[in-house]
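Listed here are the chains, written in short residue letters.
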Amino acid sequence: MKNFWNERYSSIEFAYGEEPNEYFKEQLSKLEPGRILLPGDGEGRNGICAAKQGWDVEAFDISSEGKKKADQLAEKYNLNINYQVGGLEDLEYEANSFDAIALIFTHFDTEVRAQYRKKFIELLKPGGVIITELFSTKHLEYNTKNPKVGGPKKLELLASMKQIRAEYPGIEIVELYQIEAIFNEGTFHVGKGDVVRFLGRKPL
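Criteria and cut-off values
- Residues numbered from 1 in each chain as written.
- Predicted model: local features only at pLDDT ≥ 70, side-chain atom pairs only at ≥ 80, totals over all residues.
- Heavy atoms only, no water.
- Pairing = 2+ DSSP bridges.
- Helix = DSSP H or I, 4+ residues; strand = E, 2+ residues; numbered from the N terminus.
- Axes fitted to C-alpha atoms, helices over the stretch in contact; angles between N-to-C directions.
- Contact = heavy atoms within 4.5 Å.
- Buried < 20%, exposed > 50% of the residue type's maximum accessible area, 1.4 Å probe, protein only.
- Polar contact = N/O pair within 3.5 Å; in protein donor to acceptor, adjacent residues only side chain to side chain.
- Core = buried A, V, L, I, M, F, W, Y, C linked by side-chain atoms within 4.5 Å.
- Salt bridge = Lys/Arg side-chain N within 4 Å of Asp/Glu carboxyl O.
- Right-handed = clockwise from strand over helix to strand, strands pointing away.

The next point concerns the sheet that holds strand 6 (residues 172-185). The strand order across the open sheet built from seven strands is 3-2-1-4-5-7-6, with neighbouring strands paired in mixed fashion. Each having just a single partner strand, strand 3 (82-85) and strand 6 make up the two edges of the open sheet. Strand-to-strand twist in this sheet, taken as the mean axis angle between neighbours without regard to direction, amounts to 15°. Seen against the sheet, helix 5 (residues 110-123) touches strand 1 (35-39), strand 4 (98-104) and strand 5 (124-135) and runs at an angle of roughly 145° to strand 5.

So this is what it looks like as structure tokens:
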């Protein structure tokens, strides 16, 4: 997968555009800035959005090409984000150290998904929030009709509300729903898709 993402992010254009994900932007605007973690932040569009709003941003991705683009975007806006290259298992973050964690189209392999989500709960401060948008299991139908909308082509990598409930035990569900959405994010998220949106809070 590392080679796949390095190839995707190696072009001059930003694969998913420079603007942040709309659901992420909307939820972030409701919060007081603090320290945020963005796993799988790709070319940095969401991390830069958070930095613009005054957040202390930690981000990571397995793609070194993604980091290059994120650094480029940070320089453009004269902002700083701490972007590391690696997987969650390669990096060290302190427990209870983040006010927010944003998981935007982070379709982790099934072997590590539940383990990662457990770790994210540990990293979140009491009262902290998890912001998530993922393509749903229904999205496969949309991808088949219109490959330009993007998303995983394997059913097991897609999300369901049942899966979210099961893999975030003890997290208060502020909102959790599935919805059809229209995307215009760069080259690879264009058209109608189906997503699961989740906002969760770690109890105090």
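Let's shift gears to helix 3 (residues 45-52). Most of helix 3 is tucked away: seven of the eight residues are buried. Those residues of helix 3 not exposed but buried are Arg 45, Asn 46, Gly 47, Ile 48, Cys 49, Ala 50 and Ala 51. Residue Gly 54 follows helix 3 closely and has a positive phi angle near 95°.

Mapped onto the elements, Arg 197 comes out in strand 7 (residues 189-201). The sequence separation of Arg 197 and His 107 amounts to 90 residues, and the corresponding C-alpha distance is 13 Å. Leaving out residues up to four positions away in the same chain, Arg 197 has contacts with Tyr 23, Thr 132, Glu 133, Glu 175, Leu 176, Tyr 177, Ile 179 and Ala 181. Only 2.4 Å separates the side chain of Arg 197 from the side chain of Glu 133, close enough to count as a polar contact.

Formed by 31 residues in total, the largest nonpolar core has its most connected members in Phe 24, Leu 28, Ile 36, Val 57 and Ile 131. Setting aside its immediate chain neighbours within four residues, Val 57 contacts Ile 36, Leu 38, Gly 47, Ala 50, Ala 51, Ile 81 and Asn 82. Core analysis: the second largest hydrophobic core is formed by 23 residues, Phe 60, Leu 88, Tyr 93 and Phe 120 among them.

Turning next to the pattern of salt bridges. On inspection of all chains with the given rule, the structure shows 12 salt bridges. With its nearest N and O atoms 3.2 Å apart, the salt bridge here joins Lys 68 to Glu 65. One end of the pair, Lys 68, and the other, Glu 65, are both in helix 4 (residues 64-76), three residues apart, so they sit about a helical turn from each other. Judged by its relative accessible area of 51%, Lys 68 falls in the exposed class. Note that Arg 117 is salt-bridged to Glu 167, the shortest N-O span being 2.6 Å. With a gap of 50 residues between them, Arg 117 in helix 5 and Glu 167 in helix 7 (residues 161-167) connect regions that are remote in the sequence. Taking the relative accessible area as the measure of exposure, Arg 117 reaches 4% and is therefore buried. Relative accessible area serves as the criterion here: at 15%, Glu 167 is assigned to the buried category. Each of Arg 113, Arg 117 and Glu 167 takes part in a single network of salt bridges with overlapping partners.

This brings us to the pairing of strand 2 (residues 56-61). Burial analysis of strand 2 places five of its six residues in the buried class, which makes it a mostly covered element. In the sheet, strand 1 pairs with strand 2 via five bridges, with the strands oriented parallel. By the bridge assignment for strand 2, Leu 37 is matched with Glu 58. Handedness of the crossover joining strand 1 and strand 2 through helix 3: right-handed. Across four bridges, strand 2 lies against strand 3 in parallel orientation. Residue Asp 61 lies in a different strand from strand 3, and its bridge partner there is Val 85. For the handedness criterion, the β-α-β arrangement of strand 2, helix 4 and strand 3 is classed as right-handed.

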